[in-house]
Amino acid sequence: MQRRSQEDRSRTTRAALELAGRGLFAERGFAGTSAEQLVAAAGVTRGALHHHYGDKRGLFLAVLEQVETEATAEIANAVAAVDSADVLGGMTAGLTCFLELCGRPEMVRIVLMDAPTVLGWPAFREFEARHGLGLITTELQRATDAGLIPVSPVPVLAQLLLSAIAEASLIVAHAADPDRARAETQQSLLLLITGLLRQG
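Residues numbered from 1 in each chain as written. Predicted model: local features only at pLDDT ≥ 70, side-chain atom pairs only at ≥ 80, totals over all residues. Heavy atoms only, no water.

A few words on the overall build of the protein. Along its length, the protein carries 10 helices and 0 strands. Ordered by position from N to C terminus, the α and β elements of the protein give α-α-α-α-α-α-α-α-α-α. Taking the principal axes of its C-alpha atoms as reference, the protein extends roughly 65 × 45 × 30 Å. Relative to its 200 residues, the protein shows a buried fraction of 42%. A sequence separation of at least 24 residues applies to 67% of the contacts in the protein between residues at least 6 apart. Of the roughly 10,700 Å² of accessible surface on the protein, a fraction of 58% belongs to carbon and sulfur atoms. Of note, the protein has its 18 positive side-chain charges centred 7 Å away from the centre of its 23 negative side-chain charges. (Helix = DSSP H or I, 4+ residues; strand = E, 2+ residues; numbered from the N terminus. Buried < 20%, exposed > 50% of the residue type's maximum accessible area, 1.4 Å probe, protein only. Contact = heavy atoms within 4.5 Å. Areas by Shrake-Rupley, 256 points an atom, 1.4 Å probe, with all protein chains shown as cover. Lys, Arg positive; Asp, Glu negative; His and termini not counted. Charge placed at Lys NZ, Arg CZ, Asp CG, Glu CD.)

Before going further, it helps to examine the layout of surface pockets. By volume, the largest pocket amounts to about 630 Å³. Lining the largest pocket we find 33 residues, and of these F98, G132, I136, L162 and I165 sit closest to its centre. Every element with two or more residues in the lining of the largest pocket is listed here: α4 (56–80), α5 (87–101), α6 (105–119), α7 (121–130), α8 (132–145) and α9 (154–173). Ranked by residue count, the leading element in the lining of the largest pocket is α9, at 8 residues. Looking at the lining of the largest pocket, its residues break down into 22 nonpolar, 6 polar and 5 charged. (1 Å grid on protein atoms, 1.4 Å probe; cavity = no way out; pocket = protein on both sides within 12 Å on 5 of 7 lines; lining within 4 Å. Points joined across faces, edges and corners; volume = space filled by probe spheres on them. Nonpolar A, V, L, I, M, F, W, Y, C, P; charged D, E, K, R; others polar.)

This part takes up the environment of E36. The topology assignment puts E36 in helix α2 (residues 35–42). It is 43 Å that separates the C-alpha atoms of E36 and T138, two residues lying 102 residues apart in sequence. One polar contact links E36 to R46, side chain to side chain, over a distance of 2.5 Å. (Polar contact = N/O pair within 3.5 Å; in protein donor to acceptor, adjacent residues only side chain to side chain.)

The subject of this paragraph is the side chain of T144. Within the fold, T144 resides in helix α8. We classify T144 as buried; its relative accessible area is 12%.

Let us now look at the side chain of E128. For E128, the location among the structural elements is in helix α7. Not counting the four nearest positions on each side in its chain, E128 is found in contact with L133, L162 and A166.

One pass over the full model with this rule turns up 12 salt bridges. With a closest N to O distance of 2.5 Å, R46 and E36 form a salt bridge. In this pair, R46 is assigned in helix α3 (residues 46–53) and E36 in helix α2, connecting sequence segments 10 residues apart. Of the residues examined, R46 reaches a relative accessible area of 38% and is grouped as partly exposed. Looking at E36, the relative accessible area reads 46%, which means it is partly exposed. For E139, the salt bridge goes to R142, with nearest N and O atoms at 2.8 Å. Taken together, the positions of E139 and R142, both in helix α8 and 3 residues apart, correspond to about one turn of that helix. Here E139 falls in the buried class, since its relative accessible area comes to 12%. R142 gets classed as partly exposed once you look at its relative accessible area, which sits at 25%. (Salt bridge = Lys/Arg side-chain N within 4 Å of Asp/Glu carboxyl O.)

Taking 1.5 Å of rise per residue, 20 residues should cover 28 Å, and α9 covers 28 Å from first to last C-alpha, within 8% of that figure. Inspection of α9 places V154, L157, A158, L161, L162, I165, A168, S169 and V172 among the buried residues, and these make up the whole buried set. End-on, the buried residues of α9 take up no more than an arc of 135°, which puts them together on one face. (Expected span 1.5 Å × (residues − 1). Arc of directions from axis to C-beta.)

Here we come to the nonpolar core. Ranked by size, the top nonpolar core spans 54 residues in total, and within it F25, L59, F60, L64, I110 and L140 carry the most contacts. Sequence-distant contacts of F25, that is, excluding residues within four places in its chain, are made with F30, T33, L38, K56, L59, F60, V63, R109 and I110. (Core = buried A, V, L, I, M, F, W, Y, C linked by side-chain atoms within 4.5 Å.)

So this is what it looks like as structure tokens:
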């Protein structure tokens, strides 16, 4: 019973720190958020932060994983909601969902702006590969299996397409008119995707 109570307290502490981190990192960025601000917002001690995450960077990584996991699940659900026979429709739905996610402050600041700097480029690419790249690879493989695109090295094609989508997300994130940028980047990405399709 005592151990369960301790586990409950630990779980509550982690949840409070991650909620505080999510809000502060999205609003002020990693560099603009101090450990003191994080523990104050979470209502815990500095020792609790160090015990559970080591430091501010450790908490940021936990929040980043949380935000990206949720985003990936949303995109996967959007794709799954489309008839499985409509491969291009599934890709379009996933792309639309992703670009809409790019309008969320936490996605912009935590994932798109701060994550590459905090993780370093190689680690960020590995992080991307564990999330968005898997979805893209799956959809490209489905399109290949359905005969919609020529047989090609899918992993390489997926990585190139991920780079284009990542660039599109930054265009949307930094646009003065995000709605217009979202529409234009979606149209442009769909042109790239449909250009892969077999003609006739």
